[in-house]
Number of protein chains: 2
Amino acid sequence: MKERIIKSALNLFWRYGIRSVTMDDIARDLGISKRTIYQHYSDKEAILALVIQEEIRTQKCEMEKLEELAENPIEEAMYATVQMQETLADMNPTLLYDLKKYYPNAWELFQTYKHEYIIKNMRENLLKGIEMGLYRPDIDVEVLSLLRVEQIVLAFDPTVYPAKKFNIMHVQTQFLGHFLRGILSEKGFEYYNTIKDKPATELNIHEKCQNNT
Amino acid sequence: MKERIIKSALNLFWRYGIRSVTMDDIARDLGISKRTIYQHYSDKEAILALVIQEEIRTQKCEMEKLEELAENPIEEAMYATVQMQETLADMNPTLLYDLKKYYPNAWELFQTYKHEYIIKNMRENLLKGIEMGLYRPDIDVEVLSLLRVEQIVLAFDPTVYPAKKFNIMHVQTQFLGHFLRGILSEKGFEYYNTIKDKPATELNIHEKCQNNT
């Protein structure tokens, strides 16, 4: 039951944002009484914390699978964006900003994950690319890995890219193409030009990682 | 006297941040009594609003002069970064974040300026570059001009690039080089490679624009 509650909450938060989902909504979604939920969790924040942990676990699993699948760091970065596209297709764009503004504790969990894992992952991508001669050797890995992670977050900022005017995935795709070009070496450019317009393959990693629970 | 107060406050805020400067400090700096200041301004926030307006006026003047001096948009972007370097050399890195966190009205003034002027300026730079064949014709001007402005602000964010670990101008220079490479066409790259390592000239625009008051 505990797992079912987390799964239902994750789906509801993902689709409707966090603020607008109540304990009643979760109970209704599962066809159980609100009392049953309160037997396991004291409030929505307690559920949210576990939802975030579960989502982080899934994302880590996906990133590891991408790293295995990709033949080089450029491909890995492109796969990661396709993957994001699939995952975010049905995400409510207010989700991240709901989190930041109204649920600071849960946001903190996500920040820690960002710092410990995503930035580290990005740094490794840049170092590997330099080593393979695909990225310029004179880039500042520390500065640009932080920039890349902040860019991904920026695309979700409704005060800069309001959903009415911008499609988040179009913004992310522009960011990725621009970011890669900014770091490619000549050899990297030659390779990038051969793959940049290839249609994105369906990766199906998300489902595998979710069913892994 | 009103102008002298604004000039003194600008210098003090610039060097020490806003929070730590008191009305007493401004009076002491000018060798006048606090009462004289209060004859002209009701409080620090009133002075701050005028300081921001004055700084915006100077920055606009500088950007116009740069546009005249530069032979093309690449040069203009590089001049702008040199100019920023000269202006920021003695700026207290907490200034922007003091503003955002503790002086929301003054911050709003700055935001309006950013939206109405800097983003427009960036957009024009990109359009001009495309027209001259120096930038790729397939970039999304709207998405990337916003990205560039947010990057400039990001370099000042102490939660991402703490001053203890990063030099702001080094971060800005990495950002500029990376941003330009991300948008250059082949022709643009050829030109960029001939000028990127030239030592930056002293522009001296700042002083001219300040003395224009």
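Residues numbered from 1 in each chain as written. Chains lettered and ligands numbered in written order. Predicted model: local features only at pLDDT ≥ 70, side-chain atom pairs only at ≥ 80, totals over all residues. Heavy atoms only, no water.

As annotated in an unreviewed UniProt entry, chain A carries the name AcrR family transcriptional regulator and comes from Dyadobacter fermentans.

Caption draft 1: Geometry of the overall build of chain A. Counting its secondary structure elements, chain A contains 11 helices and zero strands. For chain A, the succession of helices and strands along the chain, N to C, is α-α-α-α-α-α-α-α-α-α-α. A compact globule built from 213 residues would reach a C-alpha radius of gyration of about 17 Å, and chain A, at 19 Å, matches this within 12%. In terms of principal-axis extent, the alpha carbons of chain A reach across some 60 × 35 × 30 Å. Accessible area of chain A: about 10800 Å², with a carbon and sulfur share of 51%. Between the centroid of the 27 positive side chains of chain A and the centroid of its 32 negative side chains there is a distance of 6 Å. (Helix = DSSP H or I, 4+ residues; strand = E, 2+ residues; numbered from the N terminus. Rg over C-alpha atoms; globule rule 2.2 N^0.38 Å. Areas by Shrake-Rupley, 256 points an atom, 1.4 Å probe, with all protein chains shown as cover. Lys, Arg positive; Asp, Glu negative; His and termini not counted. Charge placed at Lys NZ, Arg CZ, Asp CG, Glu CD.)

Caption draft 2: Region of the structure containing the packing of helix H6 (residues 95-102) of chain A against helix H7 (residues 104-131) of chain A. Residues and elements named next belong to chain A. Running from amino to carboxyl end, H6 crosses H7 at an angle of 115°, the nearest separation of the two axes being 6 Å. Considering how the two elements wind past one another, H6 and H7 form a crossing that is left-handed. Between H6 and H7, the residues in contact are Leu96, Leu99, Lys100 and Tyr102 and Pro104, Ala106, Trp107 and Phe110, respectively. Here the contact of H6 with H7 is composed, by residue class, of seven nonpolar, no polar and one charged. (Axes fitted to C-alpha atoms, helices over the stretch in contact; angles between N-to-C directions. Left-handed = near helix turned anticlockwise from the far one by under 90°. Contact = heavy atoms within 4.5 Å. Nonpolar A, V, L, I, M, F, W, Y, C, P; charged D, E, K, R; others polar.)

Caption draft 3: Quick peek at the environment of Asp24 of chain B. Residues and elements named next belong to chain B. With respect to the secondary-structure elements, Asp24 resides in helix H2 (residues 23-30). As a C-alpha pair, Asp24 and Ile74 span 50 residues in sequence and 45 Å in three-dimensional space. Side-chain polar atoms of Asp24 contact the side chain of Lys34, separated by 3.4 Å. (Polar contact = N/O pair within 3.5 Å; in protein donor to acceptor, adjacent residues only side chain to side chain.)

Caption draft 4: Geometry of the interface of chain A and chain B. On the side of chain B, 26 residues touch chain A, which itself brings 26 residues to the contact. A combined buried area of about 2300 Å² lies between chain A and chain B, and 67% of that area is made up of carbon and sulfur atoms. Along the contact surface separating chain A from chain B lie two salt bridges. A salt bridge links Glu142 of chain B to Lys165 of chain A; the shortest N-O distance between them is 3.8 Å. Applying the counting rule to chain A against chain B returns 10 residue pairs in polar contact (both at pLDDT 80 or more). In terms of residue count, helix H9 (residues 168-183) of chain A provides more of the side of chain A that touches chain B than any other element does, nine residues in total. (Buried area = accessible area lost by both parts, 1.4 Å probe. Salt bridge = Lys/Arg side-chain N within 4 Å of Asp/Glu carboxyl O.)

Caption draft 5: Broad picture of the layout of surface pockets. Roughly 940 Å³ of volume is contained in the largest pocket. As for the largest pocket, its lining consists of 34 residues, and the residues nearest its centre are Lys100 and Asp157 of chain A together with Tyr97, Lys100 and Asp157 of chain B. Those elements giving two or more residues to the lining of the largest pocket turn out to be H6, H7 and helix H8 (141-154) of chain A together with helix H6 (95-102), helix H7 (104-131) and helix H8 (141-154) of chain B. Looking at the lining of the largest pocket residue by residue, the classes come out as 17 nonpolar, eight polar and nine charged. (1 Å grid on protein atoms, 1.4 Å probe; cavity = no way out; pocket = protein on both sides within 12 Å on 5 of 7 lines; lining within 4 Å. Points joined across faces, edges and corners; volume = space filled by probe spheres on them.)

Caption draft 6: Fine view of the relation of the copies chain A and chain B. Here chain A sits on chain B after a turn of 180° about the axis and a move of 0.0 Å along it, with an RMSD of 0.0 Å. Here the symmetry operator amounts to a two-fold rotation axis. Of the C-alpha atoms belonging to chain A, the one lying closest to the rotation axis is found on Gly182 of chain A, 2.0 Å away. The overlap is high: 100% of the interface residues of chain A also sit at the interface in chain B, so the same surface is used on both sides. (Least-squares fit on C-alpha atoms with pLDDT ≥ 70 in both.)

Caption draft 7: Highlighting H6 of chain B. Residue and element names in this part refer to chain B. Buried within H6 are the following residues: Leu95, Leu96, Asp98 and Leu99. For H6, the angular spread of the buried residues around the axis is 165°, confining them to a single face. Where H6 is buried, its residues touch helix H1 (2-16), helix H4 (44-69) and H7. (Buried < 20%, exposed > 50% of the residue type's maximum accessible area, 1.4 Å probe, protein only. Arc of directions from axis to C-beta.)

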